[in-house]
Amino acid sequence: MVYDSTDPFAVRVRFGDGAVDDVDTTPYDDPDDDGGVEWLLSRDLLRAGLTGPVGEGDVRLWPARGGLDVLFLQLRAPSGEAMFELSGTVVGDFLRETELLVPAGGESDLLRVDDELTALLRGGTDNPTGR
């Protein structure tokens, strides 16, 4: 799992043969890729999946019953389907680390969505009419 504060709502999850680290910026569809697959998951989805079933469609996440430290992650694509077992403790620790970079609920502040929306509704910052 990789978190980048420039995309504060998402967590990248990479599966495959090649190693990936925080500085890897190779797109998942690179023709020179090692055959790995990368998914973007919502940070909120991961957080909610620690305590109950979440997701629909292509991505689903739920904790194991009986107090086990296991999360099940189901991913579906046109080419197939995969089920993974994750450590709930590891995912929780990872999410706490991401919150040191961008606190939960502070994602929109980082993106300055309101400023961008205001500029868009005015017709852009270089609009000579000011509308």
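Please refer to the structure higher up on the page.
Residues numbered from 1 in each chain as written. Predicted model: local features only at pLDDT ≥ 70, side-chain atom pairs only at ≥ 80, totals over all residues. Heavy atoms only, no water.

A.B. asks: Any chance you could explain the nonpolar core here in plain terms?
C.D. replies: Side chains that are nonpolar tend, in soluble globular proteins, to be buried together. Counting residues in hydrophobic clusters, the biggest one holds 17 residues, and the most contacted among them are Val-11, Leu-41, Leu-46, Val-59, Leu-61, Leu-73 and Leu-75. Counting only elements with at least two residues in this core, the list comes to strand 2 (10–15), strand 3 (37–42), helix 1 (43–49), strand 5 (59–63), strand 6 (70–77) and helix 2 (88–101). If near-sequence neighbours (up to four positions away) are discounted, Leu-75 is found in contact with Phe-15, Trp-39, Leu-41, Asp-58, Val-59, Gly-80, Glu-81, Ala-82 and Phe-84. (Core = buried A, V, L, I, M, F, W, Y, C linked by side-chain atoms within 4.5 Å. Buried < 20%, exposed > 50% of the residue type's maximum accessible area, 1.4 Å probe, protein only. Helix = DSSP H or I, 4+ residues; strand = E, 2+ residues; numbered from the N terminus. Contact = heavy atoms within 4.5 Å.)

A.B. asks: Got a minute to help me understand the pairing of strand 2 in this structure?
C.D. replies: Inspection of the sheet shows strand 1 (residues 2–3) paired to strand 2 by two bridges, in the antiparallel sense. Residue Val-2 lies in a different strand from strand 2, and its bridge partner there is Arg-12. Remark: six residues form the turn of the hairpin made by strand 1 and strand 2, two consecutive strands paired antiparallel. Pairing of strand 2 with strand 3, which is carried by six bridges, proceeds in the antiparallel orientation. Its bridge partner being in strand 3, Ala-10 is matched across the sheet by Ser-42. (Pairing = 2+ DSSP bridges.)

A.B. asks: Sorry if this is basic, but what is going on with the sheet that holds strand 1 here?
C.D. replies: Backbone-to-backbone hydrogen bonds pair the strands of a sheet. The strands run either parallel or antiparallel. Spatially, three strands are ordered 1-2-3 in an open sheet, and the strand pairing comes out antiparallel. The outermost strands of the open sheet, each flanked by one partner alone, are strand 1 and strand 3.

A.B. asks: Looking at this model, I keep getting lost on the sheet that holds strand 5. Mind explaining?
C.D. replies: Pairing is antiparallel across the open sheet formed by four strands, whose spatial order is 4-5-6-7. Each edge of the sheet is formed by a strand with only one pairing partner; in this case those strands are strand 4 (54–56) and strand 7 (80–87). Across the sheet, the mean angle from the axis of one strand to that of its neighbour is 20°, orientation sign disregarded. Bridging between strand 4 and strand 5 involves three bridges; their strand directions are antiparallel. What sits directly across from Glu-56, in strand 5, is Val-59. Where helix 2 meets the sheet, its contacts fall on strand 6 and strand 7, and the angle it forms with strand 7 comes to roughly 85°. (Axes fitted to C-alpha atoms, helices over the stretch in contact; angles between N-to-C directions.)

A.B. asks: I keep staring at the side chain of Thr-98 and nothing clicks. Help me out?
C.D. replies: Locating Thr-98 in the fold gives a position in helix 2. Within polar-contact distance, the side chain of Thr-98 engages the backbone oxygen of Leu-95 at 2.7 Å. (Polar contact = N/O pair within 3.5 Å; in protein donor to acceptor, adjacent residues only side chain to side chain.)

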